Structure formats: C-alpha cells, structure tokens
Amino acid sequence: MNFDLEKTVRLRKSVRTYENRPLEKTDKDKVDACILEILAEDEPFPADISIRLLEAAPGTDTEKLGTYGVIRGAKDFLCVTVKDTESAMEAVGYRFEKLVLYATAMGLGTCWLAGTFNREQFSDALRLETDDIFPIVCPIGYPLQKQTLISSVFRKVGKSDQRKEWSELFFENEFGSPLTTEAAGEYAFPLEMMRLAPSAANRQPWRIVHKDGVFHFYREENPKSKYPYDLQRLDVGIGACHFHLAAGERALAGTFTKLSNTGIDAPSDAKYLFSWLAG
C-alpha cells in the first residue's frame, strides 16, 4: 500500500452516489489483496476483525439495501465485523481507515455508514455469529461525477468540509493550553493529518495532550449519541491511523500503549484511551 498520504487524505470525501455498475475484476482483486494485507499486519490495537467485500445480487435495489436511500448506485459493499473486546472500536477505525485511504488512492469512492444502515439486512448476508459487533458498512465503487441533492444535503448538514482548529484538539502539558505547530515540531505533520481525518457527524472527538515528549490520546464523550456502539472510540481509531501513517511516512518511530497514569488532570467529558511513545 504505497500512496501519497497527504494528497490522499485531502482527496478523500464521503461519496453517496455511484455509477450503476459493480467493481471491475482488477479493482476488486486489488481491494481483496489490500484487505488480506491489512488483516495480516501486526496492528497496535488487537482485535479479531473481519472485512468482507460483498457484491449485491443482480436485480437488487441497492438504494433500499439497508441504507435508507442514503447511498445510490453502489453495487459493492465493504462490511466490517469484530469480536467484542476492549480495543475493538479503535481497531476497526484504525484498520478500516487504511483500506478507505487505499481505495481513495485507487480512485474509488467510499462512505463510512455507522447509523444509517439496516444491520439486520446486512447481517443476514454475512451470517454473523451472535457475539459479533457489526459497526460499519461502506459502499465502494466509482463516484458519479454529479452528486445528488441528498449528497449535498448530507455534506452541508454534517459540515463535512469543516475541521476544528488546532487549539480545540491539541494541547501542551494540560487541557486548555493549546499546542502550537512550532512546539509540535516534527510531529506537526502527523497531528495535521489526524485533524483532517473523518469522524461521525464530523465531531472530531479526539483530544491529544503532549507532555514530556509523550502524546496522550483522549476521546470527548458525546452523551447525546444514539448509535449502538461507542463511535467516538472508532473515530479516535481513524485519527490514530492518520497519525501513525503520517509518522511512518516521516520516519518517526514510536508505539501506541495504554499507561496506568498520564499525570494529566482531564475534564469529566474526556476519557483517556492510549498514548504514543516516541522512539
């Protein structure tokens, strides 16, 4: 999976309207190979994940295939399931975002669906085990050049083209003390790639506190969330993927680990998840 990370991150957007045709075999083979590579890698968040590429049966009305009319024209879907473990949501976000970025680099369109799909319809096709978590479905295909009105509405309502400022996301030593790009130094690039990462309703729930050379990752809780899973943790996994890939691209070695004590006084709505130890 070799691609220009920054270019791909800036190109990626949620595509809801597709050409009315399935993936060509060459593209499908590339996606399948990428899935196998991702699942075989030693990832920082251990979890038993399955990613499957499913093609809708001929004659299927994919506008009604469990997506409530949000997705149009797509004939292929990526479905993600995972066993329920402590780091399951972070693992899904981290691994699946790798696949989404690869698909973007191939010129394919994707769209993370967490709340706007019918799990029962897709579950029947996947023959899920009872303890499987099924947090994500994602159409994949060739973007239609002219997106529909519903796509435009979703982008506007979801503020898809907006991102929070650094001062709202990244802090130095303690919450409330913004981390500057100058103070971030060589890590300014990984943090900027994380800032540009997608998230449910574009909430960007990740918060990072840089202290004594360590980056501590938190998630901002959303008490109003109606999703069946903790999508804030999934979002942080997506952000961590961007951070990690960007660090690797700049040869910044390090590991994600969970510490027993960060020494940081966090607000009540910020939950500590893990830290990045450089070196």
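Residues numbered from 1 in each chain as written. Predicted model: local features only at pLDDT ≥ 70, side-chain atom pairs only at ≥ 80, totals over all residues. Heavy atoms only, no water.

1. Considering the pattern of salt bridges
Quick reminder of the rule: Salt bridge, as used here: a side-chain nitrogen of Lys or Arg that lies within 4 Å of a carboxyl oxygen of Asp or Glu.
Following the criterion strictly, the structure yields 15 salt bridges and no others. Put simply, Glu19, Arg21 and Glu24 are held in one network by salt bridges that share partners.

2. Some details on the packing of aromatic side chains
In plain terms, the rule: Aromatic pairs are defined between Phe, Tyr and Trp rings, using the six-membered ring for Trp, whenever the two ring centres lie within 6.5 Å; interplanar angles under 30 degrees are classed as stacked, those over 60 as edge-to-face, and all others as tilted. Only runs of H or I of at least four residues qualify as helices and only runs of E of at least two qualify as strands under DSSP, and these elements are numbered from the N terminus. Charge-over-ring contacts are defined here by two conditions on Lys NZ or Arg CZ: a distance within 6 Å of the ring centre and an angle within 35 degrees of the ring normal.
For the structure on display, the rule yields 18 aromatic pairs. Look at phenylalanine 217 and phenylalanine 243: their rings are 5.4 Å apart centre to centre, the planes differ by 90 degrees, and that puts the pair in the edge-to-face class. You can see phenylalanine 217 sitting in strand 7 (residues 214–220) and its partner phenylalanine 243 sitting in helix 9 (residues 231–249), a full 26 residues away along the chain. Each residue in the set Phe45, Tyr94, Tyr187, Phe215, Phe217, Phe243, Phe256, Phe274 and Trp276 is aromatic and connected to the rest through ring pairs, giving one cluster. The ring of tyrosine 142 carries the charged tip of arginine 21 above its face, separated from the ring centre by 4.0 Å. Here the guanidinium or amino end of arginine 250 rests over the ring plane of phenylalanine 189, the centre of that ring lying 3.8 Å away.

3. Section: the sheet that holds strand 8 (residues 254–257)
For clarity, the threshold we go by: We treat two strands as partners when DSSP finds at least two bridges between them. Axis lines are fitted through C-alpha atoms, for helices just across the contact stretch, and the angle between N-to-C directions can take any value from 0 to 180 degrees.
One open sheet accounts for five strands, arranged 5-6-7-9-8; its pairing is mixed. Of all the strands in the sheet, the pair left with one neighbour each is strand 5 (170–172) and strand 8. Taking the axes of each pair of neighbouring strands and ignoring which way they run, one obtains an average angle of 25 degrees across the sheet. Here three bridges tie strand 5 to strand 6 (residues 206–211), and the two strands are oriented parallel to one another. Looking across to strand 6, one finds that phenylalanine 170 is bridged to isoleucine 208.

Remember that the coordinates give geometry; whether it matters functionally is a separate question.
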